[in-house]
Amino acid sequence: MDPLSQLTPGPTHNGVTLRTAGQGTPVFVVPGMEGTGESCFHLAHPVLRDLDTYQFVLVDYGAEVHDSFDALVDTLITLIGGAAGDHCVFWGQSFGNLLAAAVAEGSNLPVEQLLLVSPFTRLPNWKVALGVTVLSLTPPPLYRATARLGGRYLFGPAGDQPDHPFFDSLRRSPPRDVARRTNWLRKRSFASVFSGLSAPTRVWLGAEDRLVDLDAQKAYFSGLAGRRDHVELTMIPESGHVVLPSTAVASTREQLRSALRS
């Protein structure tokens, strides 16, 4: 069974849908660029299922068709604002961290904590430009045929999970939509968005992340943690940009549980 089918569809706005499970303080989980949650469901859902004081709220933006990053952020502020209640938590994965941080920093939402897995302030410009070109020109059948192999390299190492549902989500993602979202990152830095966060913030980076400039991101987030008492950085051994190997998943889940319990 598709794990995402365990969630109940809720409010929808401009192609973004909130999908929920459980009751309690809402934890808005904003996935990576696939938009539908496979990049983080395996981390977030078991953790929140075990902590019965929290509600899992997947921010599914797989069907969005916005013209800009900022327009998508505006949609999220509207949608999440109607469901946040008196307090909430934001949980981001990859590109979803940019959205989560921008929503938290650009609104008055009652965010009590941010859990950010594989955030980045920017991607290398050559990777963005190459990615947009390749995605825009590759015929969909060829994209689907190569998405798994390319995904294992870019987002891995996969370790003992080479057939993780995340790789299937890459095959299903329309390449033009991925190109459109990737183009929003061209020559843009989100450092000021992260530095403007005031709520307690936990950051996890994969020690073997191949997608980002890892040295630059480690330097930025470790520097932020050194300057701001409410920011903490943890490196995930064996993990790439998406946490996939079973040992890395187990240890990261436990750290995320601990962060929520605290």
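Just so it is clear, the model here is predicted, and its values are computed rather than measured.

Q: Help me understand the overall build of the chain, please; the structure alone is not making it clear to me.
A: Helix and strand content of the chain: 10 helices and eight strands. Each principal axis of the C-alpha distribution contributes one length, and for the chain these read about 45 × 40 × 35 Å. For the chain, the residues scored as buried account for 53% of the 262 residues in total. Charge separation in the chain, taken as the distance between the mean sites of 23 positive and 25 negative side-chain charges, equals 6 Å.

Q: Quick question: what am I supposed to make of the packing of aromatic side chains here?
A: Aromatic ring pairs are defined here through the distance separating the ring centres and the angle between the ring planes. Applying the stated criterion across every chain, the model contains 11 aromatic pairs. Consider the rings of Phe 69 and Trp 184, whose centres lie 6.5 Å apart with planes at 80 degrees: the pair is edge-to-face. A residue pair is termed long-range when its members are at least 10 positions apart, and Phe 69 in helix H2 (residues 69-81) and Trp 184 in the loop between helix H7 (175-183) and helix H8 (191-195) qualify at 115 residues. Phe 69 sits in the buried class, given a relative accessible area of 2%. Classification of Trp 184 as buried rests on a relative accessible area of 9%. Put simply, the rings of Tyr 61, Phe 69, Phe 95, Trp 184 and Phe 190 pair up and form one aromatic cluster.

Q: When you look at the pattern of salt bridges in this model, what are you seeing that I'm missing?
A: Pairing between side chains of opposite charge can happen when the charged atoms of each approach one another. Per the stated rule, a full pass over the model turns up 13 salt bridges. Of the charged contacts in the structure, one is a salt bridge between Arg 180 and Glu 64, with a shortest N-O distance of 3.0 Å. One end of the pair, Arg 180, is in helix H7; the other, Glu 64, is in the loop between strand E4 (54-60) and H2, with 116 residues separating them in the sequence. Three or more residues are tied together by salt bridges with common partners; here these are Asp 50, Glu 254, Arg 257 and Arg 261.

Q: What is the right way to look at helix H10 (residues 246-261) in this model?
A: For an α-helix the count is 3.6 residues per turn, leaving residues at separations of three or four pointing the same way. Taking 1.5 Å per residue, 16 residues should reach 22 Å; H10 reaches 23 Å between its end C-alpha atoms and fits that length. By the burial criterion, the buried members of H10 are Ala 248, Val 249, Thr 252, Leu 256, Arg 257, Ala 259 and Leu 260. When H10 is viewed along its axis, its buried side chains cluster within an angular range of 165 degrees and face the same direction. Packed against the buried residues of H10 are helix H1 (41-50), E4, strand E5 (88-93), strand E6 (111-117), strand E7 (201-206) and strand E8 (231-236).

Q: Please clarify how the nonpolar core should be interpreted in this entry.
A: As a rule of thumb, nonpolar side chains are buried together in soluble globular proteins. Counting residues in each nonpolar core, the largest one holds 61 residues, and the members touching the most others are Phe 28, Phe 69, Phe 90, Phe 95, Leu 99, Leu 185 and Phe 194. If you tally residues by element for this core, the top one is helix H3 (residues 95-105), at eight residues. Setting aside residues no more than four positions away along its own chain, Leu 99 makes contact with Val 30, Tyr 61, Phe 69, Leu 72, Val 73 and Leu 76. Within the second largest apolar cluster, 26 residues are counted, among which are Leu 4, Leu 115, Ile 236 and Val 249.

Calculation criteria
Residues numbered from 1 in each chain as written. Predicted model: local features only at pLDDT ≥ 70, side-chain atom pairs only at ≥ 80, totals over all residues. Heavy atoms only, no water. Helix = DSSP H or I, 4+ residues; strand = E, 2+ residues; numbered from the N terminus. Buried < 20%, exposed > 50% of the residue type's maximum accessible area, 1.4 Å probe, protein only. Lys, Arg positive; Asp, Glu negative; His and termini not counted. Charge placed at Lys NZ, Arg CZ, Asp CG, Glu CD. Phe/Tyr/Trp six-rings, centres within 6.5 Å; stacked < 30°, edge-to-face > 60°. Salt bridge = Lys/Arg side-chain N within 4 Å of Asp/Glu carboxyl O. Expected span 1.5 Å × (residues − 1). Arc of directions from axis to C-beta. Contact = heavy atoms within 4.5 Å. Core = buried A, V, L, I, M, F, W, Y, C linked by side-chain atoms within 4.5 Å.

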